[in-house]
Amino acid sequence: MSILLLWAVGSWAQGVGPNQQFFPVHDFRNDWLVYDQAYKSYVPFIDEQHALVPSVSFFLDIESNRRYNLLISTQQDGFLFIDAALKSKLNASEWLVINLDSLYRVYRKPELFVTLYGSPGVDDKQVFIGHRRSAAQKDVATTNTRLSILPRRLSVYTNFFTLSLLFIVAVNAYLFNFHHRAFLRFFNLADLLAITVRDELFLVTRPLSRTNLLFVMNLSFMTAYLYLIIQSKNIDLFLSRALLLRGQSLWDLTLTFFELSGLAFLLMLAKYLFVVAIGSLYRLEEIVNLHFFKVLQSSLIFFTVGTVTVATIAANTPTVGSWPSLWLIIPFVGFYVVRLGLLYVVIANKAVVKNLYLFSYLCIVELIPLTIGVRFAL
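Residues numbered from 1 in each chain as written. Predicted model: local features only at pLDDT ≥ 70, side-chain atom pairs only at ≥ 80, totals over all residues. Heavy atoms only, no water.

(A) Geometry of the overall build of the protein. A count of helices and strands for the protein gives 13 helices and ten strands. The buried share of the protein, taken over its 378 residues, is 44%. In the structure as shown, the protein presents an accessible area of about 20,400 Å², 64% of it carried by carbon and sulfur atoms. (Helix = DSSP H or I, 4+ residues; strand = E, 2+ residues; numbered from the N terminus. Buried < 20%, exposed > 50% of the residue type's maximum accessible area, 1.4 Å probe, protein only. Areas by Shrake-Rupley, 256 points an atom, 1.4 Å probe, with all protein chains shown as cover.)

(B) Summary view of the confidence of the model for the protein. Taken as a whole, the protein shows an average pLDDT of 80; of its residues, 81% reach a score of 70 or greater. Within the protein, no element has a lower average pLDDT than helix H1 (residues 2-14), which sits at 46, and none a higher one than helix H5 (residues 180-186), at 92. Long-range and interchain partners of residues 1-12, a stretch whose pLDDT sits below 50, account for four contacts in this model, where long-range means more than four residues apart. (pLDDT = per-residue confidence, 0-100. Contact = heavy atoms within 4.5 Å.)

(C) Fine view of unusual backbone geometry. Phi is positive for Asn19, which is not a glycine, with a value near 55°. Inspection of the secondary structure puts Asn19 in the loop between H1 and strand E1 (22-27). Classification of Asn19 by relative accessible area gives exposed; the value is 69%. The phi torsion at Ala84 lies on the positive side, around 65°, for a residue other than glycine. Locating Ala84 in the fold gives a position in the loop between strand E6 (78-82) and strand E7 (85-90). For Ala84, a relative accessible area of 28% gives the class partly exposed.

(D) Main features of the pairing of strand E9 (residues 111-117). Counting buried positions along E9 gives five out of seven residues, so the element sits mostly inside the fold. Looking at chain direction, strand E4 (residues 55-61) and E9 are connected through seven bridges and run antiparallel. When the bridges of E9 are listed, Ser57 appears paired with Thr115. Of the pairings in the sheet, the one linking E6 to E9 comprises four bridges and is antiparallel in character. The partner of Ile82 across the bridge, within E9, is Val114. (Pairing = 2+ DSSP bridges.)

(E) How the structure looks around helix H8 (residues 210-232). Given a rise of 1.5 Å per residue, 23 residues ought to cover 33 Å, and the 33 Å separating the end C-alpha atoms of H8 matches this to within 8%. Within H8, 18 of the 23 residues are buried, which leaves the element mostly enclosed by the surrounding structure. (Expected span 1.5 Å × (residues − 1).)

(F) Quick peek at a nonpolar patch on the surface. Taken together, the side chains of Phe79, Leu86 and Tyr117 define a hydrophobic patch exposed on the protein surface, amounting to about 300 Å² of accessible area. Mapped onto the fold, Tyr117 is located in strand E9. (Patch = residues over 30% accessible without salt bridge, like charges linked within 9 Å, V, L, I, M, F, W, Y side chains within 5 Å. Salt bridge = Lys/Arg side-chain N within 4 Å of Asp/Glu carboxyl O.)

(G) Focus on the environment of Ser55. For Ser55, the position within the fold is in strand E4. With 60 residues separating them in the primary sequence, Ser55 and Thr115 have C-alpha atoms 6.8 Å apart. Other than its neighbours up to four places away in sequence, Ser55 contacts Val34, Thr115, Leu116 and Tyr117.

(H) Representation of the sheet that holds strand E10 (residues 125-132) within the structure. If you trace the four strands from one edge of the open sheet to the other, you get E1-E10-E5-E8, paired in antiparallel fashion. A single partner strand is all that each edge strand has here, and the edge strands are E1 and strand E8 (95-99). Direction aside, the axes of adjacent strands within the sheet are offset by 35° on average. Direction of pairing for strand E5 (residues 69-74) relative to E10: antiparallel, over a ladder of six bridges. Bridge assignment links Asn69 to a residue of E10, and that residue is Gly130. (Axes fitted to C-alpha atoms, helices over the stretch in contact; angles between N-to-C directions.)

(I) A look at the packing of aromatic side chains. Under the criterion given, the structure shown has 28 aromatic pairs. Ring plane angle 55° and centroid distance 4.8 Å describe the contact between Phe59 and Phe113, whose orientation is recorded as tilted. On the criterion of sequence distance, the pair formed by Phe59 in strand E4 and Phe113 in strand E9 is long-range, its members being 54 residues apart. Residue Phe113 is classed as buried on the basis of its relative accessible area, which comes to 4%. Here the aromatic residues Phe160, Phe161, Phe167, Phe221, Tyr225, Phe257 and Phe258 are joined through ring pairs into a cluster of three or more. The ring of Tyr104 carries the charged tip of Arg66 above its face, separated from the ring centre by 4.2 Å. (Phe/Tyr/Trp six-rings, centres within 6.5 Å; stacked < 30°, edge-to-face > 60°. Lys NZ or Arg CZ within 6 Å of the ring centre and 35° of its normal.)

(J) Highlighting the environment of Phe293. The residue Phe293 is located in helix H11 (residues 285-315) in this model. For the pair formed by Phe293 and Thr205, sequence separation is 88 residues and the distance between their alpha carbons is 9.3 Å. Each residue touching Phe293, except ones within four places of it in the same chain, is listed here: Arg185, Phe186, Asp191, Leu201, Leu203 and Val204.

(K) Representation of helix H10 (residues 250-281). For H10, which comprises 32 residues, the first-to-last C-alpha distance of 47 Å matches the rise-based estimate of 46 Å (1.5 Å per residue) to within 8%. Along H10, the residues that are buried comprise Asp252, Leu253, Thr256, Phe257, Leu260, Ser261, Ala264, Phe265, Tyr272, Val275, Ile278 and Gly279.

(L) Region of the structure containing the environment of Pro207. If you trace the backbone, Pro207 turns up in the loop between helix H7 (202-205) and H8. Leave out the neighbours within four places in its chain, and Pro207 touches Asn212, Tyr272, Asn289 and Phe292.

(M) How the structure looks around the side chain of Ser119. Its place among the elements puts Ser119 in the loop between E9 and E10. Overall, Ser119 belongs to the buried group, its relative accessible area being 7%. Ignoring anything within four residues of it in the chain, the contact list for Ser119 reads Val53, Pro54, Gln76, Asp77, Asp124 and Lys125.

Right, here's the structure in full:
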């Protein structure tokens, strides 16, 4: 028994992968799964029952194995699928090395479903998680792709999005009960489309009042919620997966949510100060507060409808599915273009100003940021 143990330890220490350049961290020889038509689910691989099955799978825990590599080798040609999407061809007797950090940056999920398709059985297949002993082997970096049919898995995003949506509902309930007059004013579509706005309206004359700041904070919560749910659908905004590389636990997602909410809140206040500065240059100080009110009012209505719509779609689509980026671009760009036209009409009706000045002002504070944002967002 001791001789066998020493032999196993010696083999483990020899290394695996191309030219034995990796220390083995985990061997998947006992983790194989196959799809069972009778149970309509994935079951453990059994030699006597599944020896002729050409497709075998396993779940890959990438969050717990950061900085390691996935090593795959087959004795016959085959194909590698990740989350049911084709990733690479497997050449016979060649090792495929995939950096797990690159997988994490692409998928932002703690666990992936990996499938090897080719020869039947598992005797000719070797799959390891390994730690590199030298830097001679070049890694294969993966890129994002659309997902396909997967076995049902529990996702931490489900609980997080449910709890965060309840939090947003609670915030809106608080504003409705304790700032009822302002709530009805902000969420009034007819008032939004009205060209004439009263000068004495308390929401316009005091843009940085406590009431307005509470509604700005509410908008920042909805912005962070939409940002995270879009990111969970494999739409990478501003390379955020590299910038916000936090864990996938409920606590980590909650911290990220409040960090994004704070960032959105500060950016909205910074935009108001920017509008004040540009308005003073064009001598449009009297319409700056009106501009801020209309932007906040339109954004609250749009993002509230967007939050409800996206949450409804997400609740009725597969958790692991991905969304086309056009679902994001078309409604958001359309909203900002319509809002730009509304601002032009409202300000032109309010102040006596040359069209060239007004157009230049709106281009600087609305159109140019929109163009730059779309250019670098995706």
